[in-house]
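Each chain is listed here by its residues.
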Amino acid sequence: MQRLGGTFLPVFFLTKNNLNNFIAELTEIRESIETVGMTPTANQKYRKIKIMKDKATHYGTCQLCGSFQKLPGGVLASHGYNITWGSFVGTCHGSGRAPFEQSKAYVEAEIVKGQRILANLAPVEHPGYMVVSRMPQFLSDEDKVKKAAWEQYCDIKGSWERFIAYQVPRCAKWEPKELTPVVEEEARRDASKKSVKGIRNLARMRDLTKRELIKAVEQIEKAVCCWPALSYPTTANAHKYANLARSAGKVELADDVTNKLAAFKAAKANYDAAKSGAPVVASSL
Ligand SMILES: [Zn+2]
C-alpha cells in the first residue's frame, strides 16, 4: 500500500508520462498478487492434500448430541451442541469421534460418567421460594450464595438426568447401521428445499386467487343489493353472491365469481396436497 500511496498522491497533478508510470506500477502490483495466488506455498499444498484426503464421503450421527453431520476422515465434523437433551454452548465433544451408526463406546462411557456424577452430587437444600424467585441484587450475601449453589445443583442434576434419559434407551436399541453417502444426503436436502419453496409458492398462489375472488365478489356487492341476505364476502359464501347476481341478471359478474371460486378451490387443493406430503406438481413451482 505504501508503494501505491506514494504513486497515488501525484495523480491529482497527472501528466501523460507519470500516468503511464502509474498504470505500469498498478499492472505490476496486480501481476504480483496473481502470482502469489497461483503458486501455493508448501503449507497450502499440504493443507489442500489433507482436505482432499479427509473430504467427507458420508454423513453420520453424533454419539453425544444426535445431530447429523459430515464425516471428514471418517469422524464427526466439528459441530456445536444440539439441544435434544441440554443447552450447552460450544463445540460438541462428539466432534472428531466415530458416528453412532458405527459405535456407542463414547456415549456409553459418558453415561457411566453421568451416573457417577449424579451419585456423588451432594444434595443442596432448596433455599426457599423467596430466595429462588428474587433477583440477586435484592438478596443478602448469604442468600446470594444459597441461590447460586441451588441453581448450580439444579443445572448439573437436570442436564445429566436429561442426558441419561435420552441416551440410555438410545443405546439399548443400538445396532450398527449404514452411513449415508454425502451425495444422497445432499440430494435429499435439495429436494426438501425445493419442496419447501414449492409449498410456499402454492400458498402464495392460493392467497392470490383468494384475493381475486373477494375482489370479484365486491363487484357484485357494488352492483346488486346483497344486504341483509349477505353482508360479508368469504370464500365459503362466494357462491351465494354469484347466485344472487345471476338472479339479478348480472350474469357476467356471477360468471366471474364462479370462475375465480373454481381457481381458488384448485389452488387451495394443490396447496393442501403438497402440505400433506404429496409431491409438488412441477408446473406449479
Ligand atoms: Zn454432537
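Just so it is clear, the structure is predicted and the values come from calculations on it, not from any experiment.

1. Quick notes on the packing of helix α7 (residues 182–223) against helix α8 (residues 238–247)
Line of reasoning, step 1. The contact between α7 and α8 brings their axes to 10 Å, and the two run at 35 degrees. Considering the relative orientation of α7 and α8, their crossing is left-handed. Contact residues: L213, V217 and I220 in α7; A238, Y241, L244 and A245 in α8.
Line of reasoning, step 2. For the contact of α7 with α8, the class distribution of residues is seven nonpolar, no polar and no charged.

2. Observations concerning the packing of α7 against helix α9 (residues 251–275)
Line of reasoning, step 1. Packing of α7 against α9 leaves a shortest axis separation of 8 Å and a crossing angle of 160 degrees. In terms of orientation, α7 lies roughly antiparallel with respect to α9. The element α7 and its partner α9 pack so that their crossing is left-handed.
Line of reasoning, step 2. Of the residues belonging to the contact of α7 with α9, the class tally is 17 nonpolar, four polar and seven charged.

3. Focus on the sheet that holds strand β1 (residues 58–61)
Sheet strands line up and pair through hydrogen bonds in the backbone, either parallel or antiparallel.
Line of reasoning, step 1. Pairing is antiparallel in the open sheet, where three strands are placed in the order β2-β1-β3. The outermost strands of the open sheet, each flanked by one partner alone, are β2 (68–70) and β3 (180–181).
Line of reasoning, step 2. Sheet analysis places β1 next to β3, joined by two bridges and oriented antiparallel. Looking at the pairing, H58 lines up with P181 of β3.

4. A word on the nonpolar core
Line of reasoning, step 1. Counting residues in each nonpolar core, the largest one holds 19 residues, and the members touching the most others are L213, V217, I220, A238, Y241, A245 and V257.
Line of reasoning, step 2. Among the secondary structure elements, those contributing two or more residues to this core are α7, α8 and α9.
Line of reasoning, step 3. With eight residues, α9 is the largest single contributor of residues to this core.
Line of reasoning, step 4. With residues up to four places along the chain from it excluded, the contact list for V257 reads L213, A216, V217, I220, A238, Y241 and A242.
Line of reasoning, step 5. Listed in part, the nine residues of the second largest apolar core include C62, L71, C92 and F100.

5. A word on the environment of L121
Line of reasoning, step 1. Relative to the helices and strands, L121 resides in the loop between α4 (105–120) and α5 (129–133).
Line of reasoning, step 2. We classify L121 as exposed; it has 12 C-beta atoms within 10 Å.
Line of reasoning, step 3. With residues up to four places along the chain from it excluded, the contact list for L121 reads I156 and K157.

6. So, the pairing of β1
Line of reasoning, step 1. Pairing of β1 with β2, which is carried by three bridges, proceeds in the antiparallel orientation. Within β2, the residue paired with T61 across the bridge is F68.
Line of reasoning, step 2. A loop of six residues connects β1 with β2, the two strands running antiparallel in sequence, and G66 in this loop sits at a positive phi of about 80 degrees.

7. A look at unusual backbone geometry
Line of reasoning, step 1. Residue P228 is bonded to the preceding W227 through a cis peptide linkage, with omega at 5 degrees.
Line of reasoning, step 2. Mapped onto the fold, P228 is located in the loop between α7 and α8.

8. Observations regarding the confidence of the model for the chain
Line of reasoning, step 1. When the pLDDT values of the chain are averaged, the result is 85; 80% of them are 70 or greater.
Line of reasoning, step 2. Predicted confidence in the chain is weakest over helix α1 (residues 2–8), with a mean pLDDT of 46, and strongest over α4, with 97.
Line of reasoning, step 3. Residue range residues 1–12 is modelled with pLDDT below 50. Its contacts to residues more than four positions away, or to other chains, number five contacts.

What counts, and where the lines are drawn
- Going along each chain's sequence as written, the residues are numbered from 1 onward.
- At least 70 in pLDDT is required for a residue's local features to be given in this predicted model, at least 80 for side-chain atom pairs to be given and counted, and no such filter applies to totals for whole chains, interfaces and linings, which use all residues.
- Every axis corresponds to a line fitted to the C-alpha atoms, with the helix fit spanning only the stretch in contact, and the corresponding angles, defined between N-to-C directions, vary from 0 to 180 degrees.
- For the purposes of this entry, the term helix denotes a DSSP run of H or I that reaches at least four residues, the term strand denotes a run of E that reaches at least two, and both are numbered from the N terminus.
- Each crossing gets its hand from how the near helix is turned against the far one by less than a right angle, where anticlockwise is left-handed and clockwise is right-handed.
- Placing C-beta atoms from the backbone, we regard two residues as in contact once those atoms come within 7 Å.
- Polarity classes work like this: nonpolar for Ala, Val, Leu, Ile, Met, Phe, Trp, Tyr, Cys and Pro, charged for Asp, Glu, Lys and Arg, and polar for all others, with Gly in that last group.
- Roughly parallel means an angle under 35 degrees; roughly antiparallel, over 145; roughly perpendicular, 65 to 115; everything else is oblique.
- For two strands to be treated as a pair, DSSP must find at least two bridges joining them.
- We call a set of buried Ala, Val, Leu, Ile, Met, Phe, Trp, Tyr and Cys residues a nonpolar core when their C-beta atoms link them within 7 Å.
- The exposure label follows from counting other C-beta atoms within 10 Å of a residue's C-beta, where the C-beta atoms are placed from the backbone and the thresholds are 20 or more for buried and 12 or fewer for exposed, leaving partly exposed in between.
- Each residue carries a pLDDT score, the predictor's confidence in it, ranging from 0 to 100.

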